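Spelled out, the chains give:
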Amino acid sequence: MFYREAGDFNTSYPEDSQTFPIKFDRYRYYVVLAVAFLVIPFIINDYWANAVFVPFLIYAIAAIGLNILTGYCGQVSLGTGGFMAVGAYAVYKLMTSFPEVSMLIHVPLAGLITAGVVTVFGLPSLRIKGFYLAVATLAAQFFLVWLFNKVPWFYNYSASGQISSPERDVFGIIITGPNTEAWAKYVICLIFVTLAAVIARNLTRGSVGRKWMAIRDMDIAAEIIGVNPMMAKLTAFAVSGFFIGIAGALFFSVYLGAAEVGESFGIDKSFLVLFMVIIGGLGSIFGSFAGAAFMVLLPVLLKNVFVGFLGWPTDLAAHLQFIVAGGLIIVFLIMEPHGLAQLWRLAKEKLRLWPFPH
Amino acid sequence: MPEQLLFAMEVTLNGLMAGVLYALVALGFVLIFKASGIFNYAQGVMALFAALTLVGIMEGQIPFAHIINAIFGTELHHFGWHVPALLAIILTAGVMVLFAWLVQRYIFQHLVNQEPIILFMATIGLAYFLEGVGDLMWGSDIKKLDVGLPQGINDWIDVTTLEALGYGFFIDNLDISATVVAVFLVAALIIFSQYTKQGRALRAVADDHQAALSVGISLNFIWVLVWSIAGFVALVAGIMWGAKSGVQFSLSLIALKALPVLMLGGFTSIPGAIVGGLIIGVGEKLFEFAIGPLVGGATENWFAYVLALLFLVFRPQGLFGEKIIERV
């Protein structure tokens, strides 16, 4: 009843190949955008911004990046944490070296730098496949974290070894540093998320995305039908690195404010983002958002239930959080290995037929 | 002999001993991967859980005391008895077998025929779950594990080398006993897999699931068996690492150290796990000794991975892995 293509006639090729061909989908997308841009900034407060929205948006960018690499191109990566650190340190060096340049330029630049680094670490993928590659990306994770710890140039020789983001503004609105308003943090992240999602969606719909998927499904067959595996794999690494770098840059400069590389960008981050991608759904942009929302909301919810509602000690709640998170991941994989995106697809199929199921 | 060379020799020996411990963890990985194609990330957490359980049983701790206290407001902590080490080890092995059965029955039986990445993710979920359960059952404070293994510097080697070479080698007794135990464990595993009926069945399953099923081998039983053996190997690794550095969370991170070992040796090869472990152990110690001071130290964190990565570029299946044949 709600979700159907009946009565929706496309009269030109651009109309036929638009991102959301079904009217209901299109309007839903506009409504989501309108609410995100025009409603939430006015009602958001510090708690919601810091605990839910900002981490959700930033992780969504990272998840989109990893989904391009793992979900669309089939190259499992466990180096996401290290790659986010590259973005963070790149933006830190840019911010402190060129204070007069706008953050709107610095953040994409940090993304580009990360893309370069990730492409270098993607080179072994031309020889190594599957789990061997996954473990090889761990080399990137540990090496990068070590590098940022040991070379003082990266943290501007600060005594604590930490990096902390100076105050910067965009068009007079402060977006980094301790005096940032909740809505400003939210809006700057939202802008980058929207851009990232639109770019990613259109890339994966086009010829580059099809090449990635061909490589994912079977790389030798793809090579035979004329996909250049080196170009396809390296572009996937580069694009993925670009998004992950932006996520890392925002994570440090807007969300954390101050970061220590081992703590903020350790191996845990790599797994967290991978969980988001798997739970959300491999090879789906919507899934990246769903997975990020799930993994950000779960600890907040559990903490509220155990500590706030039942009044248990926090260390106990932390242990239970591990159990519930681990258990839920297993249950999810057993019930729906294709993630939340698949549930969404099923729901849409049901909606097309509803209320007449036959 | 020059001082530096003797130093390097000592470092090499210590690296070999550390390598044995890496190999122990890697063995558990290889066993499960061969038999079921599951890349078991939880191996390190299994070692931690086994060590925690062993300490808990030996000390007579009451499991889940913390949460029981939180709910009912009681003050439970210990039963007040001490269990001898050998009995505790047997009991812990029993717990690991039970764990193997539960894992097989409630997780992987439902995930048969899924893609490897999904199975891998499930083991990461399992790792988180088990970590939480371990902490909840036995508490998350650092515990001392003492099962009566000799500790400290080996005087005999120290004195002998001092007399022969003029420089006393520092070798920890614990590392020596770990090596001895590892040798026995590997010998037992080889005898088991080559000369027993179950061992033969295990190798058949590793070779070809469907063929094994068609000649009447129960896949379920073999998988429970393999997880039990991996649990036992984890217990041994947990005892060794626990005695060395205390039973704590960082124990679960040794699983990450076992990954480059696996890459180097090949995911499917038991000799590969051992040789890989030794190469990594010696390699990272020597690198830290020779290059470490020049670049600020702590190279042990990443050297193993980079070594394995460079190695794989030239030989993608690892040292002893099965040759990767790809068809369209």
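Residues numbered from 1 in each chain as written. Chains lettered and ligands numbered in written order. Predicted model: local features only at pLDDT ≥ 70, side-chain atom pairs only at ≥ 80, totals over all residues.

J.: How would you summarise the overall build of chain A if you had to cite specific residues and measurements?
T.: From N to C terminus, chain A includes 15 helices and four strands. A compact globule built from 358 residues should have a C-alpha radius of gyration of about 21 Å, and chain A, at 21 Å, falls within 12% of that. Taking the principal axes of the C-alpha coordinates as reference, chain A spans close to 70 × 55 × 45 Å. The burial tally for chain A puts 46% of its 358 residues in the buried class. (Helix = DSSP H or I, 4+ residues; strand = E, 2+ residues; numbered from the N terminus. Rg over C-alpha atoms; globule rule 2.2 N^0.38 Å. Buried ≥ 20, exposed ≤ 12 C-beta atoms within 10 Å, placed from the backbone.)

J.: Which residues make up the overall build of chain B, and what are the values?
T.: Scanning chain B for helices and strands turns up 14 helices and zero strands. The secondary structure elements of chain B, listed N-terminal to C-terminal, are α-α-α-α-α-α-α-α-α-α-α-α-α-α. Taking 20 Å as the expected radius of gyration for a compact globule of 328 residues, we find that chain B reaches 21 Å, a close match to that expectation. Out of the 328 residues in chain B, the part that is buried amounts to 44%.

J.: Could you give an account of the interface of chain B and chain A, naming the residues involved and the relevant values?
T.: Counting residues at the interface gives 40 residues for chain B, matched by 36 residues for chain A. Elements represented by at least two residues in the side of chain B that touches chain A include exactly α3 (65–72), α5 (116–138), α11 (254–265) and α14 (300–314) of chain B. The element that contributes the greatest number of residues to the side of chain B that touches chain A is α5 of chain B, accounting for 14 residues. Looking at the side of chain B that touches chain A residue by residue, the classes come out as 29 nonpolar, eight polar and three charged. (Contact = placed C-beta atoms within 7 Å. Nonpolar A, V, L, I, M, F, W, Y, C, P; charged D, E, K, R; others polar.)

J.: Which residues make up the environment of Pro316 of chain B, and what values do they have?
T.: Residues and elements named next belong to chain B. Examined against the element boundaries, Pro316 turns out to sit in the segment after α14. Here Pro316 falls in the partly exposed class, since 18 other C-beta atoms lie within 10 Å of it. For Pro316 and Ala122, which are 194 residues apart along the polypeptide, the C-alpha to C-alpha distance reads 26 Å.

J.: Got a sec to walk through the environment of Thr299 of chain B? Specific residues and values, please.
T.: Residue and element names in this part refer to chain B. Along the chain, Thr299 falls in the loop between α13 (292–295) and α14. Placed 288 residues apart in sequence, Thr299 and Val11 show a C-alpha to C-alpha distance of 15 Å. If we skip the residues at most four places from it in the chain, Thr299 touches Phe287, Glu288, Ile291 and Gly292.

J.: Would you mind going over helix α6 (residues 130–150) of chain A in detail, with residue names and values included?
T.: Relative to the 30 Å expected for 21 residues at 1.5 Å per residue, α6 of chain A spans 31 Å between its end C-alpha atoms, a close match to the ideal helical length. With respect to burial, α6 of chain A is a largely interior element, 16 of its 21 residues being buried. (Expected span 1.5 Å × (residues − 1).)

J.: I'd like a rundown of the environment of Ile190 of chain B, residues and numbers included.
T.: Residue and element names in this part refer to chain B. Within the fold, Ile190 resides in helix α7 (residues 173–195). For Ile190, a count of 13 C-beta atoms within 10 Å translates into the label partly exposed. On a C-alpha basis, the gap between Ile190 and Leu119 in space is 27 Å, while along the polypeptide they are 71 residues apart.

J.: Give me the lowdown on unusual backbone geometry, citing residues and values where you can.
T.: Residue and element names in this part refer to chain A. Even without glycine at this site, Asn156 takes up a positive phi of about 55°. By secondary structure assignment, the location of Asn156 is in the loop between α6 and β1 (163–164). The exposure class assigned to Asn156 is exposed, which follows from the 12 C-beta atoms found within 10 Å. With phi around 55°, Tyr157 is a residue other than glycine that occupies positive phi space. Relative to the elements of secondary structure, Tyr157 occurs in the loop between α6 and β1.

J.: So what's going on with the packing of α6 of chain A against α14 of chain B? Which residues, and what values?
T.: Relative to each other, α6 of chain A and α14 of chain B sit at 140°, their axes nearing to 8 Å. In terms of axis orientation, α6 of chain A runs oblique to α14 of chain B. Considering only the axes of α6 of chain A and α14 of chain B, their crossing is left-handed. From α6 of chain A, Tyr132, Ala136, Leu138, Ala139, Phe142, Phe143 and Trp146 of chain A reach across to α14 of chain B, where they touch Asn301, Trp302, Tyr305, Val306, Leu309 and Leu312 of chain B. Taken together, the residues of the contact of α6 of chain A with α14 of chain B sort by class into 12 nonpolar, one polar and no charged. (Axes fitted to C-alpha atoms, helices over the stretch in contact; angles between N-to-C directions. Parallel < 35°, antiparallel > 145°, perpendicular 65-115°, else oblique. Left-handed = near helix turned anticlockwise from the far one by under 90°.)

J.: Could you give an account of the confidence of the model for chain B, naming the residues involved and the relevant values?
T.: Chain-level pLDDT for chain B is 82 on average; 98% of the residues reach the 70-or-more range. At the level of individual helices and strands, chain B shows its lowest average pLDDT in helix α6 (residues 155–165) of chain B, which scores 73, and its highest in helix α4 (residues 85–106) of chain B, which scores 89. (pLDDT = per-residue confidence, 0-100.)

J.: Account for the packing of helix α3 (residues 46–72) of chain A against helix α7 (residues 182–205) of chain A, with residues named and values stated.
T.: All names here are of chain A. Remark: α3 packs on α7, axes separated minimally by 10 Å, with the N-to-C direction vectors making an angle of 20°. Considered as vectors, α3 and α7 are oriented roughly parallel to each other. The two elements α3 and α7 cross, and the hand of that crossing is left-handed. Contacts between α3 and α7 involve Asp46, Ala49, Phe53, Val54, Leu57, Ile58, Ala60, Ile61, Ile64, Ile68 and Tyr72 from the first element and Ala182, Lys185, Tyr186, Cys189, Leu190, Phe192, Val193, Ala196, Ala197, Ala200 and Thr204 from the second.

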